[in-house]
Amino acid sequence: MSRLLGVTLERVCKAVLLLCLLHFLVAVILYFDIYTQHLTFFSRFSARGPAHALHPAASSSANCSRPNATAPSSGLPEAPSARPGSTAPILPPCPDLPPGLVGRLLIEFTSSMTLERVQRENPGVLLGGRYAPPDCTPAQTVAVIIPFRHREHHLRYWLHYLHPILRRQQLRYGIYIINQMALIAREERNRRGDNRPELTCPLPSPQHGEDTFNRAKLLNVGFLEALKEDTTYDCFIFSDVDLVPMDDRNLYRCGDQPRHFAIAMDKFGFRLPYAGYFGGVSGLNKTQFLKINGFPNEYWGWGGEDDDIFNRISLAGMKISRPDIRIGRYRMFKHDRDKHNEPNPQRFTKIQNTKLTMKRDGIGSVQYRVLEVSRQPLFTNITVDIGRPPSWPPWG
């Protein structure tokens, strides 16, 4: 009896061991299958497009325009030139579900990253960070707007991941870095006789902007400046530079309702922190943005502006649209809070007064000065002076 029991236990143990081994092998195969798909699609899209679409030597040295200068051509891909007696081909509409999507992505920030590498990986991206799919016509023209200061390292990785993602999503898009700089800093440089260029190509200079950061006001500026360059923009994606999507099925498009993309960040345990959260990455079409009078201009420092935007959307009778939580996952750069971006002590009072302030404070009242426009191979950098926070608390 005991011998039979021993044989039975031995067989059970072997069966459990085999099941564990099988489970491990399946997990390894799935992991490498996803990784291989990512590399295959990445290489395929990197190789697509003419090699002459970007010429680093010609693009990175002579693209810093003077402040308030007339904007040059947008750098959009031109329609295929027709031979005499022939007509240019008409591209079909892009499908609702792009065929080249990979799904979940492996996002890491440890490997060395340079702009030269990103350029080589994205030969189809044109001057100013503009792109249009060569084989179909997208339904929307998308402006991706990033409020920026002192994040050069983050920007390299953001461009490394986002350009291939946006290309696989078959978007017609442009990328705009709205770089905050204090005019007083510029005047101080002039007073010292420092005539060096204020903007160092190809990245925004880390010397720019030592006043309190204002994320929402920079996004308002980006909306207006993008439309100055291309009036056909009808979808606006507002993204922080330290957030990278972990799934390319999270389509950067605008819909019938304002869209919140970054609903499951790793810093929040891949969960929505609260129902009214609208931070990180969001999208509105032109009509929706104007309906809420854009974003507030009075949130200086960290926090509050995204909740104010959520209130504006609700007060305008709209609702937030979100992707599936399994698709809306984001990886965030771990970093310390920036100097001059301390928490705004007035943010809670301001959030409670959105109904009173949204009509007078927004896109219709934003004031700023464009200091420099620089069209780089992978993005358009717009350096602006947006003023300084008031020395007294403004009345709600």
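For the structure, see preceding data.
Residues numbered from 1 in each chain as written. Predicted model: local features only at pLDDT ≥ 70, side-chain atom pairs only at ≥ 80, totals over all residues. Heavy atoms only, no water.

What follows is about the sheet that holds strand E9 (residues 369–375). What the seven strands build is an open sheet, ordered E5-E7-E3-E1-E2-E10-E9; its pairing is mixed. Of all the strands in the sheet, the pair left with one neighbour each is strand E5 (259–260) and E9. Relative to strand E7 (residues 281–285), E5 is paired through two bridges, and the arrangement is antiparallel. The partner of His-260 across the bridge, within E7, is Ser-282. Sheet strands touched by helix H6 (residues 215–229): strand E1 (141–148), strand E2 (172–180), strand E3 (235–239), E9 and strand E10 (380–385). Its angle to E1, the strand with the most contacts, is close to 145 degrees. (Pairing = 2+ DSSP bridges. Helix = DSSP H or I, 4+ residues; strand = E, 2+ residues; numbered from the N terminus. Contact = heavy atoms within 4.5 Å. Axes fitted to C-alpha atoms, helices over the stretch in contact; angles between N-to-C directions.)

What follows concerns the sheet that holds strand E6 (residues 264–265). Strands sit in the order E4-E8-E6 across an open sheet of three strands; the sheet is mixed. The open sheet has two edge strands, strand E4 (243–245) and E6, and neither has a second partner. Two strands pair when backbone bridges link them, and E4 and strand E8 (residues 329–332) are joined in this way by three bridges, in the antiparallel orientation. Note that in E8 the partner of Leu-243 across the bridge is Met-332.

Helix length check: helix H4 (residues 152–168), at 17 residues, gives a terminal C-alpha distance of 25 Å against a target of 24 Å (1.5 Å per residue), a fit within 8%. Burial analysis of H4 places 15 of its 17 residues in the buried class, which makes it a mostly covered element. One or two residues past the end of H4 sits Gln-170, with phi positive at roughly 55 degrees. (Expected span 1.5 Å × (residues − 1). Buried < 20%, exposed > 50% of the residue type's maximum accessible area, 1.4 Å probe, protein only.)

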